[in-house]
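# Structure assessment
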Amino acid sequence: MERLTLTRTTEDPLLTAIPLGRNTVSDYKVFRRPFCHLSTYSLIWGMAAVVLCAAQVEVVTEDLRERLNTPASIRCSLKSFQDVLVVTWQKKKATSPENMATFSELHGVVVQPAYKNRMNITELGLQNSTITFWNTTLEDEGCYMCLFNIFGYGKISGTACLTLYVQPTVFLHYKYSEDHLNITCSATARPAPLVSWKVRGSGIENSTEILSNPNGTTSVTSILQVKDPKRQVGKEVVCQVLHLGTVTYFRQSVSKGYWFSVPLLLSIVSLVILLVLISILLYWKRHRNQDRVSSHNSRSENTCAHMNGEQEVRECPFNGLVSILHLSSPTRQRGPFWTSPD
């Protein structure tokens, strides 16, 4: 029989003796058992299983684009069933997320004061959740997080972004100015539209102005300046407005207008003013002459008398008539047209 003699100062259950030869202690070698290696492999497989389970918990979201000042709903849902305790909605901000509302079976819906009367959780569920804004404003535009607090696992979140838009309002008109033609196309929308032209001809210059409005919209105004308006008469001008990937065409035909220059306009205005002044002066002189004639006739009626001579003929205007008076003697005769000198 083989005999094994091994002296150890400490007991180590992980040590084992393996015979290498016969009847000698030196023929045996001590090795450590591979229990520690088995523990490492188990830990790695356990971590892989946890990661695999976590990968199966996925939140499905979708970005949303809605018109400004209309209702908007954002939805989150879990791809697989989980034991969810609480659903929380937050709005992303520069510093830290801001709590908006929560839902749980124990407490129901709880909306933060800053968001009351603006939104609410309209789909009450722990696997699917939806929030709705009653009437969107510029403050509601941004990104939102939905957080599902899962029992024994923790929180998992998804993000959805809300973008608000305003349909374009377009004005297209033209105006003759001095010796050229100005064609203006103005579009106001959110986000900012892109304005371009389809026009034929030479000697045409284009300028664009961009203005941000307080209501969140942007106005883009493009002006075409045609140096030779006569060549553009009867032709069609097309303004193209690009907004959110959609192109809209606005058409305008140029009709015949009146061409004039600034010196010609000043000459016409000066001539009109001169004619008005002359008319006023003539009217004033005529009225003054009429007043003089009326005053003279009134004095003549009261002072017409016989002066010298045995017979004198005087003409006394009275009511447009001429009275011929015959005096035969120096004695004054009273008549219907004479007044006493006294």
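As the structure is a prediction and not an experimental result, all values here were calculated from the model.

### Structural notes on the overall build of the protein chain
Within the protein chain, the secondary structure is distributed over two helices and 20 strands. The 342 residues of the protein chain split such that 27% are buried. Contacts spanning at least 24 positions in sequence make up 49% of the contacts within the protein chain whose residues lie at least 6 apart. Counting only carbon and sulfur atoms, one obtains 56% of the accessible surface of the protein chain, whose full area is about 24100 Å².

### Digging into the sheet that holds strand β14 (residues 194-198)
What the three strands build is an open sheet, ordered β14-β17-β18; its pairing is antiparallel. Both outer strands of the open sheet, β14 and β18 (246-253), are each paired with one neighbouring strand and no more. Mean inter-strand twist for the sheet, computed between neighbouring axes without regard to direction, equals 25°. The sheet contact formed by strand β17 (residues 236-243) and β18 spans eight bridges and is antiparallel.

### Considering the confidence of the model for the protein chain
Reading predicted coordinates in detail is not appropriate for stretches of low pLDDT. Looking at the protein chain as a whole, the pLDDT averages 78, with 67% of positions reaching at least 70. Of the regions scoring below 50 in pLDDT, residues 20-38 engages in 33 contacts with residues more than four places distant in sequence or in other chains. Low confidence marks residues 305-342, where pLDDT is under 50. Its contacts with residues over four positions away, or in another chain, come to 42 contacts.

### Notes on the environment of K230
Tracing the chain through its elements places K230 in the loop between β16 (218-226) and β17. When the C-alpha positions of K230 and D179 are compared, they lie 9.9 Å apart, and in sequence the two are 51 residues distant.

### A closer look at the packing of aromatic side chains
One pass over the full model with this rule turns up two aromatic pairs. Seen in terms of ring centroids, F133 and Y144 are 5.5 Å apart; in terms of plane orientation they differ by 50°. Their pairing is tilted. Here Y144 lies in strand β11 (residues 142-150) and F133 lies in strand β10 (residues 128-133), a separation of eleven residues in the sequence. Classification of F133 as buried rests on a relative accessible area of 0%. Ring plane angle 85° and centroid distance 6.1 Å describe the contact between Y174 and Y176, whose orientation is recorded as edge-to-face. The exposure class of Y174 is partly exposed, given its relative accessible area of 22%.

Thresholds, definitions, all that
- Residues numbered from 1 in each chain as written.
- Predicted model: local features only at pLDDT ≥ 70, side-chain atom pairs only at ≥ 80, totals over all residues.
- Heavy atoms only, no water.
- Helix = DSSP H or I, 4+ residues; strand = E, 2+ residues; numbered from the N terminus.
- Buried < 20%, exposed > 50% of the residue type's maximum accessible area, 1.4 Å probe, protein only.
- Contact = heavy atoms within 4.5 Å.
- Areas by Shrake-Rupley, 256 points an atom, 1.4 Å probe, with all protein chains shown as cover.
- Pairing = 2+ DSSP bridges.
- Axes fitted to C-alpha atoms, helices over the stretch in contact; angles between N-to-C directions.
- pLDDT = per-residue confidence, 0-100.
- Phe/Tyr/Trp six-rings, centres within 6.5 Å; stacked < 30°, edge-to-face > 60°.

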